[in-house]
Amino acid sequence: MKSLHVEGSSWLYQLSPRIKLASLALFSIGLFLTRDPLILLAAVSMAGLVLWQTHLGFREIVARLRPVLLTIAIIAAFSFLLISAADAAIALLRLTALTLLATAITASVSISQFMDEIAFALRPLEKLGLAKAADVGLAVGLVVRFVPEVINRYETLRDAHRARGMKTRLHTILVPLIIMTLKDADAIADAIDARGFRGQTSSPDI
């Protein structure tokens, strides 16, 4: 599987994963506590600078952001039609800033680190008998890891349709995409059970 994480050596990679994930959470909360356009513009600029520190390169950044930004653009278009321009602009700035910083954090935190932090955060619930921290961390990590794989499979199916001169339609791609994803999920579940990863206190490097 292709990971969203990339190796790097900038200051962003030197920070503790816990600090980065906590900062992302606080950043997202702060975005929704203000309606000042100048502050939100500053947040977008800051998030963009942090993303640039991943040294992904312009093309890679665009490739990662394109699906999300397209979704944000659609939401923004409906927002401008349904609510005031000021409220729509505020929503657009919030989502853009959050997307940029989340992309930077995702690129600089490995899946295993992410899973470990999720498990650490859920340990109080585990002590209360409400959840198995390691299992939840594993599940969340697998979901994050599957995102680029699903996108790659969609692009492969889309290209195959185009090569055959067929129009790309959602209903002709969705069924095979779901089947392929479920097959991968079954294979990974079998591998996890065979290796006894579930219920462990530490996360495997998937």
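Residues numbered from 1 in each chain as written. Predicted model: local features only at pLDDT ≥ 70, side-chain atom pairs only at ≥ 80, totals over all residues. Heavy atoms only, no water.

**Some words on the overall build of the protein**
Scanning the protein from N- to C-terminus turns up nine helices and zero strands. When the helices and strands of the protein are listed from N to C terminus, the series reads α-α-α-α-α-α-α-α-α. Counting every position in the protein, which comprises 206 residues, the buried fraction comes to 33%. Once local pairs closer than 6 in sequence are excluded, the contacts in the protein between residues at least 24 apart make up 72%. Carbon together with sulfur atoms contributes 66% to the accessible area of the protein, which is approximately 12,700 Å² in total. (Helix = DSSP H or I, 4+ residues; strand = E, 2+ residues; numbered from the N terminus. Buried < 20%, exposed > 50% of the residue type's maximum accessible area, 1.4 Å probe, protein only. Contact = heavy atoms within 4.5 Å. Areas by Shrake-Rupley, 256 points an atom, 1.4 Å probe, with all protein chains shown as cover.)

**Here we look at the packing of helix H3 (residues 37-52) against helix H5 (residues 85-108)**
Packing of H3 against H5 leaves a shortest axis separation of 8 Å and a crossing angle of 20 degrees. When the axes of H3 and H5 are compared, the pair comes out roughly parallel. In the crossing of H3 with H5, the sense of the turn from one axis to the other is left-handed. Here Pro-37, Leu-40, Leu-41, Ala-43, Val-44, Ala-47, Gly-48, Val-50 and Leu-51 of H3 lie close against H5, whose contacting residues are Ile-90, Leu-93, Arg-94, Thr-96, Ala-97, Leu-100, Leu-101, Thr-103 and Ala-104. Taken together, the residues of the contact of H3 with H5 break down into 14 nonpolar, three polar and one charged. (Axes fitted to C-alpha atoms, helices over the stretch in contact; angles between N-to-C directions. Parallel < 35°, antiparallel > 145°, perpendicular 65-115°, else oblique. Left-handed = near helix turned anticlockwise from the far one by under 90°. Nonpolar A, V, L, I, M, F, W, Y, C, P; charged D, E, K, R; others polar.)

**Thoughts on the nonpolar core**
Within the largest apolar cluster, 25 residues are counted, with the highest numbers of intra-cluster contacts made by Phe-27, Leu-31, Leu-51, Ala-97, Leu-100, Leu-101 and Ile-105. Elements supplying a minimum of two residues to this core: helix H1 (11-14), helix H2 (17-31), H3, helix H4 (58-82) and H5. Each residue touching Leu-31, except ones within four places of it in the same chain, is listed here: Leu-40, Ala-43, Arg-94, Ala-97 and Leu-98. (Core = buried A, V, L, I, M, F, W, Y, C linked by side-chain atoms within 4.5 Å.)

**Re H3**
The end-to-end C-alpha distance of H3, which contains 16 residues, comes to 22 Å, matching closely the 22 Å that a straight helix rising 1.5 Å per residue would cover. Listed as buried for H3 are Leu-40, Ala-43, Val-44, Ala-47, Val-50 and Leu-51. Along the axis of H3, the buried positions cluster into a sector of 130 degrees, meaning they face one direction only. For H3, the exposed residues lying more than 90 degrees away from the buried face are Leu-38, Leu-49 and Trp-52. Contact partners of the buried residues in H3: H1, H2, H4 and H5. Capping the start of H3 is the job of one residue whose side-chain oxygen sits 2.9 Å from the backbone nitrogen of Leu-38: Asp-36. (Expected span 1.5 Å × (residues − 1). Arc of directions from axis to C-beta. Polar contact = N/O pair within 3.5 Å; in protein donor to acceptor, adjacent residues only side chain to side chain.)

**Comments concerning the packing of aromatic side chains**
Considering all chains together, one arrives at zero aromatic pairs under this definition. For the cation-ring pair, Arg-18 lies above Phe-120, with the distance from its terminal atom to the ring centre recorded as 3.7 Å. (Phe/Tyr/Trp six-rings, centres within 6.5 Å; stacked < 30°, edge-to-face > 60°. Lys NZ or Arg CZ within 6 Å of the ring centre and 35° of its normal.)

**Comments concerning the packing of H2 against helix H6 (residues 111-121)**
The geometry of H2 relative to H6 is characterised by a closest axis approach of 10 Å and an angle of 70 degrees between their N-to-C directions. Here H6 runs roughly perpendicular to H2, going by the angle between their axes. On H6, the residues that touch Pro-17, Arg-18 and Leu-21 of H2 are Gln-113, Phe-114, Glu-117 and Phe-120. Taken together, the residues of the contact of H2 with H6 break down into four nonpolar, one polar and two charged.

**Brief notes about the confidence of the model for the protein**
Of the residues in the protein, 78% have a pLDDT of 70 or more, and the chain-wide mean is 78. Looking across the protein, the model is least confident in helix H9 (residues 170-195), with a mean pLDDT of 68, and most confident in H3, with 93. Predicted confidence for residues 201-206 stays below pLDDT 50, and this span has 14 contacts to residues more than four positions away or in other chains. (pLDDT = per-residue confidence, 0-100.)

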